[in-house]
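A closer look at the structure
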Amino acid sequence: RIMKRFFESQELQPYLISGESCELSARNFHYLKHVLRLQVGDLIALFDGSGQDFVARLTDVRKQSIQADLEKATPSPAKESPLETHLGIVISKGDRFDYALQKATELGVHRITPLTSEFGDVRFKAERLNKKEQHWQDVIISACEQSGRGYVPQLQPTIVIDQWLAERTETIKWVCHTRHTASQKAQGSNPIEDQSRQQLAILIGPEGGLSDSEVQSAEQQGFILQQFGHRILRTETAPIVVLSAAQLLFGDFTVSH
């Protein structure tokens, strides 16, 4: 039987070493007690972002808290990709952005930066944005719990596209764009042939697309215009396609012949 995995922001190794019981977070308490209805003696897996999973046995289930004893540590089930990806993606409406974050996490992304852009129509005031970023962090954590990842991708603070572009130092840089000519596409003359390159920045725009000035800024920062197929992808579909292609080209995806 596969144990369910739960993220704990506290460092877990000291509890394993000392033998002291670990009080689980309020987030995990609610799910374990009121959804799964686990009891004393049940086993779960915990991880803290260090790359290890900890087998934990529930030892005290109370009205307001749950404690567990850590019995052993094992490597987290999903290995991290050798390709270090940083996804800059313009915020989209509703649960589309949640979906994009979830799938990007499952596909091995290392960092995610929510972006605002000229044609992006989602804007939040400071307090609302702070709550949204906390929610997005929870989406990412849940995706790690499900996918077996032992490391949690970094969610960077929301910034404007131009600032994100100016800060990029990755060795490979892609901007997803549907409006470019064959000659522009050829300029990229395979930026990915050098397999020693292990860092990739990916820019994905909003539903309305990137403005001409934003595309120009990306090119000035060394981004290569990339189009994946001949169909226009939705903003929540694009991360799945681009990250899958990147992992296949120089990550850890393989295809059997």
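Quick caveat: nothing in here was measured; it's all calculated off a predicted structure.

Here's the deal with the confidence of the model for the chain
With 91% of its residues at a pLDDT of at least 70, the chain reaches an overall mean of 89. When the elements of the chain are averaged for pLDDT, helix 6 (residues 182-187) gives the smallest value, 37, and strand 8 (residues 154-155) the largest, 98. Per-residue pLDDT stays below 50 along residues 181-193; that stretch engages in 15 contacts with residues further than four places along the chain or on separate chains.

Description of the packing of helix 3 (residues 96-106) against helix 4 (residues 126-147)
The contact between helix 3 and helix 4 brings their axes to 9 Å, and the two run at 40°. The orientation of helix 3 with respect to helix 4, classified from their angle, is oblique. Of the two possible hands of crossing, helix 3 and helix 4 adopt the one that is right-handed. Each of Phe97, Asp98, Leu101, Gln102, Thr105 and Glu106 in helix 3 lies in contact with helix 4, whose residues at this interface are His135, Trp136, Val139, Ile140, Ala143, Cys144, Gln146 and Ser147. Its residues placed into classes, the contact of helix 3 with helix 4 shows seven nonpolar, five polar and two charged.

Focus on the sheet that holds strand 2 (residues 22-23)
Overall, mixed pairing links the five strands, which are arranged 1-3-4-5-2 in an open sheet. In this open sheet, the two strands that pair with only one neighbour each are strand 1 (5-7) and strand 2. Of the strands in this sheet, strand 1, strand 3 (43-47), strand 4 (52-61) and strand 5 (66-75) touch helix 2 (residues 26-35), which is tilted by about 150° from strand 1. Together, strand 1 and strand 3 form the strand contacts of helix 4, whose direction differs from that of strand 1 by roughly 150°.

Some thoughts on the environment of Thr59
When you line up the elements, Thr59 lands in strand 4. Since its relative accessible area comes to 31%, Thr59 is described here as partly exposed. Note: C-alpha distance between Thr59 and His30 (29 residues apart in sequence) is 16 Å.

Structural notes on a nonpolar patch on the surface
A contiguous nonpolar patch, built from Leu248, Phe253 and Val255 and spanning about 260 Å² of accessible area, is present on the exposed surface. Positionally, Phe253 belongs in the segment after helix 8 (238-250). Looking at Phe253, the relative accessible area reads 31%, which means it is partly exposed.

So, unusual backbone geometry
A positive phi is found at Arg37, a non-glycine position, where the angle reads about 55°. Within the fold, Arg37 resides in the loop between helix 2 and strand 3.

Structural notes on helix 3
Among the residues of helix 3, those classed as buried are Phe97, Asp98, Ala100, Leu101, Lys103, Ala104 and Thr105. Structurally, helix 3 contributes buried residues whose contacts are with strand 6 (84-90), strand 7 (111-116), helix 4 and helix 8. Backbone geometry just downstream of helix 3 places Gly108 in the positive-phi region, at approximately 95°.

Definitions and limits used
Residues numbered from 1 in each chain as written. Predicted model: local features only at pLDDT ≥ 70, side-chain atom pairs only at ≥ 80, totals over all residues. Heavy atoms only, no water. pLDDT = per-residue confidence, 0-100. Helix = DSSP H or I, 4+ residues; strand = E, 2+ residues; numbered from the N terminus. Contact = heavy atoms within 4.5 Å. Axes fitted to C-alpha atoms, helices over the stretch in contact; angles between N-to-C directions. Parallel < 35°, antiparallel > 145°, perpendicular 65-115°, else oblique. Left-handed = near helix turned anticlockwise from the far one by under 90°. Nonpolar A, V, L, I, M, F, W, Y, C, P; charged D, E, K, R; others polar. Pairing = 2+ DSSP bridges. Buried < 20%, exposed > 50% of the residue type's maximum accessible area, 1.4 Å probe, protein only. Patch = residues over 30% accessible without salt bridge, like charges linked within 9 Å, V, L, I, M, F, W, Y side chains within 5 Å. Areas by Shrake-Rupley, 256 points an atom, 1.4 Å probe, with all protein chains shown as cover. Salt bridge = Lys/Arg side-chain N within 4 Å of Asp/Glu carboxyl O.

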